[in-house]
Amino acid sequence: MSVWLRDESPLTPGTSDDERRTDIFSLLRDEGRHHTAQVTAAGADWLASAGPYPRSTLSLWAAHPTAPGVLPCGSTFDVVNVPAIFGRRMLNRLWSEGPGSGPVAAHHGRMLLFAAPGTAQRLPALLSWEEWGTPGADGSGPGDSDDSGPADSGPVDSGPGDSGPVDSGPGGRAGAVPPLLCHGTGDAVTVPALAAGAPSGPRWVVAPDTRHPWLPGPDVLLWACVRVARATARTPRPRAGAVPRARAAVTLLTT
């Protein structure tokens, strides 16, 4: 997630906690190093505000910048947890045709899309009510008048508020929308470290870079899910058991 080099790490032997804290946040504030997948100091402040003790969270990150953190959902943000491939397609839609996305992390073959509080409760209901009729040539369904973008709505530890997976259901979306995990009040999610950690650990795809990042609401994520699901349903798939064969070359011999 970071563009920092190993020899620039503030975690050098003999460095005090105060020196580490100063180094890590001075690096985060270095705008010349800003990168889409790198958290800024303002972004770290926003993440820390999700917990009950933001100052303690920042102090912990300053002392251990390569360690992932665990933050509660429901107050500052909700998280929609989707399979990596489907999540990447959603991001492509959001950035190419929609309003963009909020922070996004990748972990264990899943993508965590940070969303506005309340999304975890409303998105499953919106998906279940969506009309999944036969899509048109442009991917629009029975209730769509055009393909314009959505209106602007302004390891995971599951808790009692976890709405659970949203199954694919019957109709046109069967097999097109994979199970979605919506994490809201009562849940906690693992967030990537401020600095580059283990390669197999969580990483930022779109890192928070402001104190008040824009977060998509349930209507925006519903729009992205619908567009991706319908586009996936239109993609032709090879028949089961069919093995593509190269076209044989035929040589005509004349005598």
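Right above here is the structure, for reference.
To keep things clear, this report deals only with the structure shown in the data block. From a predicted model like this one, the values you see are computed outputs, not experimental measurements. (Residues numbered from 1 in each chain as written. Predicted model: local features only at pLDDT ≥ 70, side-chain atom pairs only at ≥ 80, totals over all residues. Heavy atoms only, no water.)

## A closer look at the pattern of salt bridges
Part 1 of the argument: For the coordinates displayed, the defined rule picks out 1 salt bridge.
Part 2 of the argument: Note that E97 is salt-bridged to R93, the shortest N-O span being 3.3 Å. (Salt bridge = Lys/Arg side-chain N within 4 Å of Asp/Glu carboxyl O.)

## Thoughts on the packing of aromatic side chains
Part 1 of the argument: Applying the stated criterion across every chain, the model contains 4 aromatic pairs.
Part 2 of the argument: One aromatic cluster in this structure is built from W46, F77, F114 and W204. (Phe/Tyr/Trp six-rings, centres within 6.5 Å; stacked < 30°, edge-to-face > 60°.)

## Some remarks on the nonpolar core
Part 1 of the argument: One finds M90, L113 and L221 to be the most contacted residues of the largest nonpolar core, which totals 29 residues.
Part 2 of the argument: At the level of elements, β2 (78–83), α4 (84–96), β3 (104–107), β4 (110–115), α5 (119–129), β6 (180–183), β8 (203–206) and α6 (218–234) are the ones that each hand at least two residues to this core.
Part 3 of the argument: The element that contributes the greatest number of residues to this core is α6, accounting for 9 residues.
Part 4 of the argument: In this structure M90 touches V82, L113, L221, A224, C225 and V228, once residues within four positions along its chain are discounted.
Part 5 of the argument: Core analysis: the second largest hydrophobic core is formed by 22 residues, L47, W61, C73 and L215 among them. (Core = buried A, V, L, I, M, F, W, Y, C linked by side-chain atoms within 4.5 Å. Buried < 20%, exposed > 50% of the residue type's maximum accessible area, 1.4 Å probe, protein only. Helix = DSSP H or I, 4+ residues; strand = E, 2+ residues; numbered from the N terminus. Contact = heavy atoms within 4.5 Å.)

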